[in-house]
Amino acid sequence: MISLLYNNPSAHRSTEKQSRLIYHLSIDRSFAKICSDINKTDYFFSVLSSPLKEKEEIEFRKEILCDLNETENLFTEFCSLYRHFNELHEFHKSAKKNNYRINFSNESSIKEAGNNIQTNAITLKKALLFIKGFCELLSKYEIRSCGLQKFKEECKKIYENENFDRLIKLCGKYEYMSTMTALAFRLVLDENGRMDEYSFIDPNKLNLFGNEEKQKGFFRFKKTEENKIKTEPLNPIERDFYNNAATDALSDIAKTLEYISNQIFEKFSEVYTELTFYEIAINYIKTLKNKSIPYCFADISENGEIKIKELRDLYLLMTKNSPFDVVSNDLEMSDKTKGIVVFGNNGSGKTVFLRSIATMQLLSQAGLPVTAKEAEISIFSDIFTQFSEAEKEFCEGNDAGRFEQEVREMADIVENIKDGSLVFLNETFQSTAYAEGAEGLYYLLKYFSERGIRWILVSHLTQIKDLFSDGEAVILKTAPGYKII
Amino acid sequence: MKTTPLLLKSDCKTEIPRQMFTDINLDKLISEASVKILQSPCGKDEILLRQEFFTVLNNSEKYASVEKCLKILIEEERLFKAWNNAETETESYFLRKQALEAYVRSEKILSAMTDCGKLFFDISTYFSSPERISKVFEIEEDMKKAEDLLRQISKSVISFSGQTVIAPDTDIRSEIDILSETAKKVGFFLPEKKELKPHLPKSISNALVNLYPSQINELKSIFEKYSETKFKEHLIYIPQIQFFLEIFELVKKAERNGITHCLPTVCSERKYIAKETYDIALLAKNCKNIIPNDIEFTEQEPFCFLIGANGGGKTSYLRTVAINLILFLSGCPIFAKEAEIFPFEFATTHFPKDERFDESGRLDEELKRAGEIVKTAENKDSFLFFNETFSGTDEKRGLDLLEEICEKINKNRNFGLYVTHFHQVTQFDFPVLSAQIDESDENKRTYKIKKSKGTASSYASDILKKYGLDKNSLLERIKNNDKSTI
């Protein structure tokens, strides 16, 4: 399978969609302003929810996005071609369903099998020509990304094969094949005298009654008994057998054509869906540009440091008219920092700060630009969020108390989290006695740190401060004007 | 004319009843075909020959030869049946050639089994006669010719253009081959061709016969020469070899479970003595650590009662004695460290039947069966097994009937083992075996059977306790129930 989202698609395993992550960070609300098609944004969020774990993968996606975004007409033409390719794929899928409906006991089954050959030959021919089309389109532009180069090379490998034209010619022949005039089959018996092969041969190549090409001049008037092959008439009493065998033989060709087409679609069709991601990504960049929002692609730090300059919260940016209405903050997290706790009054910008960092991390690990002036990030094996949710979230079908629910969510995170992950916690364990919540949370954070899982916590549980020993956490607090210091 | 020698011979006059195999669970371990063979005790001479053959099978190379021989014979049987069921004339020629080739393979392997014991030596001598060898060569030569002729008729083309005709093959490639080859060259993968192999319809078969008259006539004349070939002469060996291999596999299976086996000494005085003997039927229940027991029945003490605790291994012991006896009587190894056994002529069992009878009905049925058994065993060297016979009546009557039948068995000088809960048998003038328990370890069952008068208890409370139905458990339940009610 060719992918424009993953350099190594086989290594990428899609994880269960973490819809809570998108929800907690209000990414759904942010991108609703960029794309109104829910199906498309759903796909986009599913990609975002599985952060890339390799620098090369992030670069791979970033380069493709730049090519598609910056090369005029490339994305439009590529999408248009792919739309037609997808239509062919859809047609092929529906034709496949019809193929299964052949009634083999029916005499018209031969004709149906012949029709299937024609249909499948046309589909295969078109699919092959699309490969040629992709290759020609990408050759027209100056492509820099290795992802699109790789895509072009894959097409070229097929298109420039010396048998490519021959395969298209064969499809052309089957496209006009008729089962109405003449049919011929080779019959081979096995060692038990049973039918080992009953395969279709081109009736035009079979000349059982003398070779006419040789019958020129004088020989035209001479009976060519010596050229005549001995034949024996067949009594067609077993008509069902002949119909079935012929239908089988013709269906073998139809199925082979279909099998080849399937391989083309399996290889190339996923890209059509993947283009949705790039469509939204391009619109995202356009929106940032139109709103004059400063943005950049984050650099990948090799030593585990995180350094962000003038980071603004995406959701606020999408809701405000000017980017300058949104306060920016900086963040520095050295490789030694195991976790950060942010304290501050209500409404002082703690959660917005947390959200902006988490959103930035998620977008960066999806190969997308972020709303900061400068950014250097570290790659995490996964990203988790636990946000204290409104009481209403706990009403329907949930018999657990709020604290228990939080504990359950944390237990779920602990069950699934991998070393090297990043966890964002927003007012976790505040639904119980604070001292107890703080103590419970402290040991949980300590557990994360022991496993090399880094965390950022926004909290009112000030008691936790006394529990940390040196180097266990960096304490930040809010300052007037939504600043974090 | 010499008759075909057999691997299994028996002049048994009274078969062991099929029911006995069910009673002792032997039919859970071996196939019905082998049960059938084991039903016929074969006599001293045959026992020795079969024992020799089992010894031969211990040699892995010889075992492989026997296994190969069986495979060849089974393949011959398959092809012989396929030829008999051929649907068309052409199919019949192809299959006849295959069957004759298989016949040749069988002849060759049977004649080569010279070093697989006396039983096979007689067979190989029979199949090594000069007439048979020259016939084998002749068939081989003719089958080469047949193969060439069949190759000529095996490929053809069928054309549906105006009229439907069949013609000899041409060098035109099939479209599927052309397409597949081209697609593969471009880099696509294609699935393997599906195997259909349907029968040829009669119309094509008839047309092929007409299309190739000279080849067909030649085939006919070749096969005509072998119309009298006796395929069945080989095929009789299949179940016989299968029996030996099946028993041998059972022995190996037991060996893997740590169970020893031996070939008992066939003695001329009437006795059944075996050391460390196993109930192999427990293998069918996947039991581990099967406890072996000794067996001793002699002319002086041919009959024993077996009493003891429930779940102490009484029935298992009966099976131990019975199964190993049956195996011995057909020349098979038995599951014991060592043994000396007299080749009894007859053996049978009397087990309670599963069906529900009312009190008198059940007793009548048991009496009838017991009477028949004693009558059949009369004037024969017989070994009889009784399991809880006459337990379907009151104790006094049951005991009277038991005594009565024992006297008859004694009078007939039959050997026997009688498992019973009537502890009064200890007062009779017969030896008594009992299932041993370890009283110092909460009446733990040892599964050891020893000659002793035992104690007059079946330790039923242990079983009840296990299922929470003993006195204390029931009182506890009542107490708990009271508490919950209050």
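A short tour of the structure in this document, coming up. (Residues numbered from 1 in each chain as written. Chains lettered and ligands numbered in written order. Predicted model: local features only at pLDDT ≥ 70, side-chain atom pairs only at ≥ 80, totals over all residues.)

Helices and strands together make up the secondary structure of chain A, namely 14 helices and 13 strands. In chain A, which comprises 485 residues, the proportion classed as buried is 41%. Taking as baseline every contact in chain A between residues at least 6 positions apart, the subset at least 24 positions apart corresponds to 77%. (Helix = DSSP H or I, 4+ residues; strand = E, 2+ residues; numbered from the N terminus. Buried ≥ 20, exposed ≤ 12 C-beta atoms within 10 Å, placed from the backbone. Contact = placed C-beta atoms within 7 Å.)

Below, the discussion takes up the interface of chain B and chain A. How big an interface is tends to be expressed through the accessible area that disappears when the partners come together. Contact with chain B, which involves 50 residues of that partner, is made by 48 residues of chain A. Only α5 (89-112), β1 (155-161), β2 (163-168), α8 (175-186) and α9 (202-211) of chain B provide two or more residues apiece to the side of chain B that touches chain A. In terms of residue count, the dominant contributor to the side of chain B that touches chain A is α8(B) (nine residues). Residues of the side of chain B that touches chain A, tallied by class, amount to 28 nonpolar, 16 polar and six charged. Bridging between strand β1 (residues 183-189) of chain A and β1(B) involves six bridges; their strand directions are antiparallel. Opposite Arg186(A), over in β1(B), you have Val157(B) as the bridge partner. (Nonpolar A, V, L, I, M, F, W, Y, C, P; charged D, E, K, R; others polar. Pairing = 2+ DSSP bridges.)

The next thing to look at is the pairing of β2(B). In the sheet, strand β3 (residues 232-233) of chain A pairs with β2(B) via two bridges, with the strands oriented antiparallel. Counterpart to Pro233(A) in the pairing with β2(B) is Val165(B). With six bridges joining them, β1(B) and β2(B) adopt antiparallel strand pairing. By the bridge assignment, Ile158(B) is partnered in β2(B) with Ile166(B). The antiparallel hairpin formed by β1(B) and β2(B) contains one residue in its connecting segment, where Gly162(B) sits at a positive phi of about 75°.

A word on unusual backbone geometry. All names here are of chain A. The phi dihedral of Ser292 is positive, around 55°, even though this residue is not glycine. Mapped onto the elements, Ser292 comes out in the loop between α9 (239-290) and β4 (299-300). Residue class for Ser292 comes out exposed when judged on the 9 C-beta atoms lying within 10 Å of it.

Our next topic: the nonpolar core. Ranked by size, the top nonpolar core spans 157 residues in total, and within it Phe185(A), Leu250(A) and Ile253(A) carry the most contacts. Here this core gets 20 residues from one element, more than from any other, and that element is α9(A). Aside from chain neighbours lying at most four places away, what touches Phe185(A) is Tyr198(A), Ser199(A), Phe200(A), Ile201(A), Ala246(A), Ala249(A), Val157(B) and Ile158(B). (Core = buried A, V, L, I, M, F, W, Y, C linked by C-beta atoms within 7 Å.)

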